[in-house]
Amino acid sequence: MSDNKVALVTGASRGIGAAIAERLAADGWDLTISSRGREALEQRAGELTELGAGRVEVIPADMTDADAVEALAAAHRDAFGRCDALVINAGMGQKGKVADLPVRRFDRLYQVNVRAPYILLQSLIPVLRSTADANGAAKVIAVASITGVYPEPELSAYGATKAALISLCETFNLEESVNGVSATTIAPGYVDTDMSDWLKDQIPGDEMITVGDVATIAHSVTQLSRYAVLPNVILTRPGENLHRA
Ligand SMILES: NC(=O)c1ccc[n+]([C@@H]2O[C@H](COP(=O)([O-])OP(=O)(O)OC[C@H]3O[C@@H](n4cnc5c(N)ncnc54)[C@H](OP(=O)(O)O)[C@@H]3O)[C@@H](O)[C@H]2O)c1
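Residues numbered from 1 in each chain as written. Predicted model: local features only at pLDDT ≥ 70, side-chain atom pairs only at ≥ 80, totals over all residues. Heavy atoms only, no water.

*Asks:* Account for the packing of aromatic side chains, with residues named and values stated.
*Replies:* One pass over the full model with this rule turns up two aromatic pairs. Ring geometry for F106 against Y110: centres 6.2 Å apart, planes inclined by 25°, an arrangement best described as stacked. Here the residue F106 and the residue Y110 both occupy positions in helix 4 (residues 103-135), the gap between them amounting to four residues, near one helical turn. On the basis of relative accessibility, which here comes to 37%, the residue Y110 falls in the partly exposed class. Taken together, a centroid distance of 6.1 Å and an interplanar angle of 80° make the contact between Y190 and W198 edge-to-face. Overall, Y190 belongs to the buried group, its relative accessible area being 13%. The lysine or arginine in question, R55, covers the ring of F80, its NZ or CZ lying 4.6 Å from the ring centre. (Phe/Tyr/Trp six-rings, centres within 6.5 Å; stacked < 30°, edge-to-face > 60°. Helix = DSSP H or I, 4+ residues; strand = E, 2+ residues; numbered from the N terminus. Buried < 20%, exposed > 50% of the residue type's maximum accessible area, 1.4 Å probe, protein only. Lys NZ or Arg CZ within 6 Å of the ring centre and 35° of its normal.)

Here you go:
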């Protein structure tokens, strides 16, 4: 088992996942980073090492491919034998009214935003438990969305997958928190990343939540003891957006 704290971060090539990986790297964690493209991950691995990360494993995986997601979990387990933080961040969005959004798009969203997290949780429960036994606690941090809490027009399928992710993590807490393993979902409104580019003619990027804001919450969760379970954190934007993305 690694002596350093260890995290597996999905969607780590850019955006929120990259920011969370950077915070953990600065604390000297070992990391497995994943997304689809190897090249972006290799570049990110170099940057994380410069920031202070210990060992960084690069394991590309497409979250629509159940076998690849299982292989990612197995590769992390084999490499480190430890998981202090499982950061389930890779996700995709789709916009469209219920009247229009094709069901095949809903299926893809569900694969990436719900099925892959389920596979990661299930595959890594043994190593999360053994990490908590040996070191006090292990945390799951899943990046959901405010649309999983407060519905937003044209984001029904996306919001439904994020509501499912929040529910999955709540049930996980009921079953696993006695073992020192607990999950926190973070449910932000619009964050300034590539994913929100489509909206930036209406809401400028510099008026959106920052990736650093989300990384700060994720980092704080990793500091909690096994006796503190934080189910869901909603991050909203200023003004009249309390219940809106
Ligand atoms: N931006 C927002 O406004 C916002 C608000 C609330 C919640 N969120 C959530 O925050 C999370 C991160 O999003 P972001 O805003 O940081 O978006 P982003 O900048 O577009 O990054 C998405 C990350 O997920 C990876 N990814 C996408 N599809 C994947 C797939 N099929 N398999 C494996 N990896 C995949 C991407 O890497 P590759 O493309 O290289 O695979 C990338 O690393 C998502 O779960 C999103 O739903 C975002």
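Now that the structure is up, let's keep going.
*Asks:* Mind laying out the packing of helix 3 (residues 66-80) against helix 4, listing which residues take part and the relevant values?
*Replies:* Two elements in contact, helix 3 and helix 4, have axes whose closest approach is 9 Å; the angle formed by their N-to-C orientations is 30°. With respect to their mutual orientation, helix 3 and helix 4 come out roughly parallel. Helix-helix and strand crossings are classified by hand; for helix 3 and helix 4 the assignment is right-handed. Across the interface between the two elements, A66, V69, E70, L72, A73, H76 and R77 of helix 3 pack against R115, A116, I119, L120, S123, L124 and V127 of helix 4. Split by residue class, the contact of helix 3 with helix 4 holds nine nonpolar, two polar and three charged. (Axes fitted to C-alpha atoms, helices over the stretch in contact; angles between N-to-C directions. Parallel < 35°, antiparallel > 145°, perpendicular 65-115°, else oblique. Left-handed = near helix turned anticlockwise from the far one by under 90°. Contact = heavy atoms within 4.5 Å. Nonpolar A, V, L, I, M, F, W, Y, C, P; charged D, E, K, R; others polar.)

*Asks:* Outline the site of the ligand, supporting the account with residue identities and numerical values.
*Replies:* Neighbouring residues of the ligand: 29 residues in total, closest S13, R14, R36, Y158 and T193. Within the complex, the protein chains bury 94% of what would otherwise be the 880 Å² of accessible surface of the ligand. Sorting the residues of the shell around the ligand by element identifies helix 1 (15-26) and helix 5 (156-176) as the ones contributing at least two each. Considering only residue class, the shell around the ligand consists of 13 nonpolar, 11 polar and five charged. (Near = heavy atom within 4 Å. Areas by Shrake-Rupley, 256 points an atom, 1.4 Å probe, with all protein chains shown as cover.)

*Asks:* Would you mind going over the nonpolar core in detail, with residue names and values included?
*Replies:* If you look at the biggest cluster of nonpolar residues, it comprises 37 residues, and the most contacted ones within it are M63, L86, L120, L128, V140 and F172. Listed by contribution, the elements that provide at least two residues to this core are helix 3, strand 4 (85-88), helix 4, strand 5 (138-143), helix 5 and strand 6 (181-188). Ranked by residues supplied to this core, first place goes to helix 4 with 11 residues. Membership of the second largest hydrophobic core comes to 30 residues, among which are A21, A53, A215 and A218. (Core = buried A, V, L, I, M, F, W, Y, C linked by side-chain atoms within 4.5 Å.)

*Asks:* Break down the side chain of D84 for me, with residues and values.
*Replies:* By secondary structure assignment, the location of D84 is in the loop between helix 3 and strand 4. A relative accessible area of 6% places D84 in the buried class. One polar contact links D84 to R82, side chain to side chain, over a distance of 2.7 Å. With residues up to four places along the chain from it excluded, the contact list for D84 reads N4, K5, V6, W29, T131, N135, A137, A138 and K139. (Polar contact = N/O pair within 3.5 Å; in protein donor to acceptor, adjacent residues only side chain to side chain.)

*Asks:* Explain the environment of L109 residue by residue, including any values.
*Replies:* Structurally, L109 is set in helix 4. C-alpha of L109 to C-alpha of M92: the two residues are 17 residues apart in sequence and 6.4 Å apart in space. Once residues lying within four places of it in the same chain are set aside, the contact partners of L109 are M92, G93, Q94, V114, A157, Y158 and T161.

*Asks:* Go over the pattern of salt bridges, please, and point to the residues and values.
*Replies:* Across all of its chains, the model carries 10 salt bridges by this definition. Put simply, E176 and R129 hold a salt bridge, and the shortest N to O gap is 2.8 Å. Of this pair, E176 sits in helix 5 while R129 sits in helix 4, and the two are 47 residues apart along the sequence. Shared partners join several salt bridges into a network, and the residues in it are E22, R44 and E47. (Salt bridge = Lys/Arg side-chain N within 4 Å of Asp/Glu carboxyl O.)

*Asks:* I'd love a proper account of the sheet that holds strand 2 (residues 30-34), names of residues and values included.
*Replies:* Here we have seven strands laid out as an open sheet, ordered 3-2-1-4-5-6-7, and parallel in their pairing. Every other strand in the sheet has two partners, leaving strand 3 (56-58) and strand 7 (232-235) as the edge strands with one partner each. The average angle at which neighbouring strand axes cross in this sheet is 15°, direction not considered. The sheet contact formed by strand 1 (residues 6-10) and strand 4 spans three bridges and is parallel. Following the sheet pairing, V9 is matched in strand 4 by V87. (Pairing = 2+ DSSP bridges.)

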